[in-house]
Amino acid sequence: MAKVAFLGLGVMGYPMAGHLKAKGGHELTVYNRTAAKAEKWVTQHGGKSAPTPKAAAEGQDFVMCCVGNDNDLREVTLGANGAFAGMAKGAVFVDHTTASAEIARELFAEGKKRGFDCIDAPVSGGQAGAENGVLTVMCGGEAGPYARAEPVIAAYARMCKLLGAPGAGQLTKMVNQICIAGLVQGLAEGVHFAKKAGLDLELVMSVISKGAAQSWQMENRWKTMNEGKFDFGFAVDWMRKDMSICLGEARKNGANLPVTALVDQFYAEVQKMGGKRWDTSSLLARLER
């Protein structure tokens, strides 16, 4: 059992913190920008809440974080009453935010100055993965601190791996999102084409899902896409945030991402259709306007 703080109780962080308490058996202190959400979590799971990230981080072995973007992350770590001001020497900061590789390296360097370690550890698996404790966690950092953090992360992870130096976790999450973007657009076009061609979509999917076209997205989303239901997970707004991070990094490293850039614009069109909070499979709605 470890003493753990969890910062950020959104759709991902709320169940992740729950698994740390129930499955991991850890001593939990939670912080959320909206204090009522933290109090609700404590009522449901036990543990305690703190009024600031600094207060939550004081005396903890691990500080886990899952917030919205680089700016949110900087605020809860380095801002007034940020967690880094409260963390003890020898502690480990584990950041599950999908953010830039740049801020991951910045926080790692700042942590070193203050005598503690940082792991960038973005996750994949969406809200369902967080609720079921089966997330994939992509980590960047040093081997020693990672080895200490891995058993704690295991409370909500199906797969957790150290992929390289600080920032490598965030870069791997970018690869993940790049792959998903093109795949979902391909699935949307396939479903759209099959319907226009007058095919029995259920029969089509029952066959092609057993071949080379098979994917998690196909297995889990074609039915809801066909029904025009797009409230099953990762929101378009968040995907566009991630695409922006990917394209920004590509401009720095020289990677050529034409399909990612195109799909990003397709998601912009979905946003204009009112689909900001629709899930990523809503690319089909754009084709069927």
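Remember, it's a predicted structure, so these values are computed and weren't measured experimentally. (Residues numbered from 1 in each chain as written. Predicted model: local features only at pLDDT ≥ 70, side-chain atom pairs only at ≥ 80, totals over all residues. Heavy atoms only, no water.)

1. Notes on the nonpolar core
So, step 1. Residues Phe-6, Leu-20, Val-30, Met-64, Val-137, Ile-153 and Tyr-156 are the most contacted members of the largest nonpolar core, which totals 34 residues.
So, step 2. When neighbours within four sequence positions are excluded, Ile-153 is seen to be in contact with Met-64, Val-94, His-96, Val-137 and Cys-160.
So, step 3. With 26 residues, the next largest nonpolar core counts Met-174, Val-191, Tyr-267 and Ala-285 among its residues. (Core = buried A, V, L, I, M, F, W, Y, C linked by side-chain atoms within 4.5 Å. Buried < 20%, exposed > 50% of the residue type's maximum accessible area, 1.4 Å probe, protein only. Contact = heavy atoms within 4.5 Å.)

2. Focus: the sheet that holds strand E8 (residues 135-139)
So, step 1. Read across the open sheet, the three strands follow the order E7-E8-E9; overall the sheet is mixed. Strands with a single pairing partner mark the edges of an open sheet, and in this sheet they are strand E7 (123-124) and strand E9 (157-162).
So, step 2. Inspection of the sheet shows E8 paired to E9 by five bridges, in the parallel sense. Paired with Cys-139 across the two strands is Leu-162, which belongs to E9.
So, step 3. Against the sheet, helix H7 (residues 143-153) makes contact with E8 and E9, and its axis sits at roughly 180° relative to E9, the strand it touches most. (Pairing = 2+ DSSP bridges. Helix = DSSP H or I, 4+ residues; strand = E, 2+ residues; numbered from the N terminus. Axes fitted to C-alpha atoms, helices over the stretch in contact; angles between N-to-C directions.)

3. Quick notes on the packing of helix H4 (residues 70-78) against helix H5 (residues 101-114)
So, step 1. Between H4 and H5, the shortest axis-to-axis distance is 11 Å and the interhelical angle comes to 10°. With respect to each other, H4 and H5 are oriented roughly parallel. Here Asp-70, Leu-73, Arg-74, Thr-77 and Leu-78 of H4 come into contact with H5, specifically with Ile-103, Glu-106, Leu-107 and Glu-110. (Parallel < 35°, antiparallel > 145°, perpendicular 65-115°, else oblique.)

4. So, the environment of Phe-232
So, step 1. When you line up the elements, Phe-232 lands in the loop between helix H10 (216-226) and helix H11 (236-253).
So, step 2. As for Phe-232 and Asn-69, which are separated by 163 residues in sequence, their C-alpha atoms are 22 Å apart.
So, step 3. Excluding anything up to four places from it in sequence, Phe-232 contacts Arg-221, Thr-224 and Asp-279.

5. Re H10
So, step 1. For H10, the complete set of buried residues consists of Gln-217, Met-218, Arg-221, Trp-222, Thr-224 and Met-225.
So, step 2. Check the buried side of H10 and you find it contacts helix H8 (168-196), helix H9 (201-208) and helix H13 (283-287).
So, step 3. Immediately downstream of H10, the backbone of Gly-228 shows phi near 70°, a positive value.

6. What to know about the sheet that holds strand E6 (residues 117-120)
So, step 1. Strands sit in the order E3-E2-E1-E4-E5-E6 across an open sheet of six strands; the sheet is parallel. Two strands in the sheet have a free side with no partner beyond their single neighbour: strand E3 (48-49) and E6.
So, step 2. Pairing of strand E2 (residues 27-31) with E3 involves two bridges; the strand directions are parallel. Residue pairing across strands places Thr-29 opposite Lys-48, the latter belonging to E3.
So, step 3. The strands that H4 touches are strand E1 (3-7), E2, strand E4 (62-65) and strand E5 (92-95); relative to E5, the one it contacts most, it runs at about 160°.

7. Details of the packing of aromatic side chains
So, step 1. One pass over the full model with this rule turns up three aromatic pairs.
So, step 2. Ring centres of Phe-84 and Phe-116 lie 4.9 Å apart, and the angle between their planes is 80°; this geometry places the pair in the edge-to-face category. Of this pair, Phe-84 sits in the loop between H4 and E5 while Phe-116 sits in the loop between H5 and E6, and the two are 32 residues apart along the sequence.
So, step 3. Overall, Phe-84 belongs to the buried group, its relative accessible area being 2%. (Phe/Tyr/Trp six-rings, centres within 6.5 Å; stacked < 30°, edge-to-face > 60°.)

Functional significance is not addressed by these values, which are geometric in nature.
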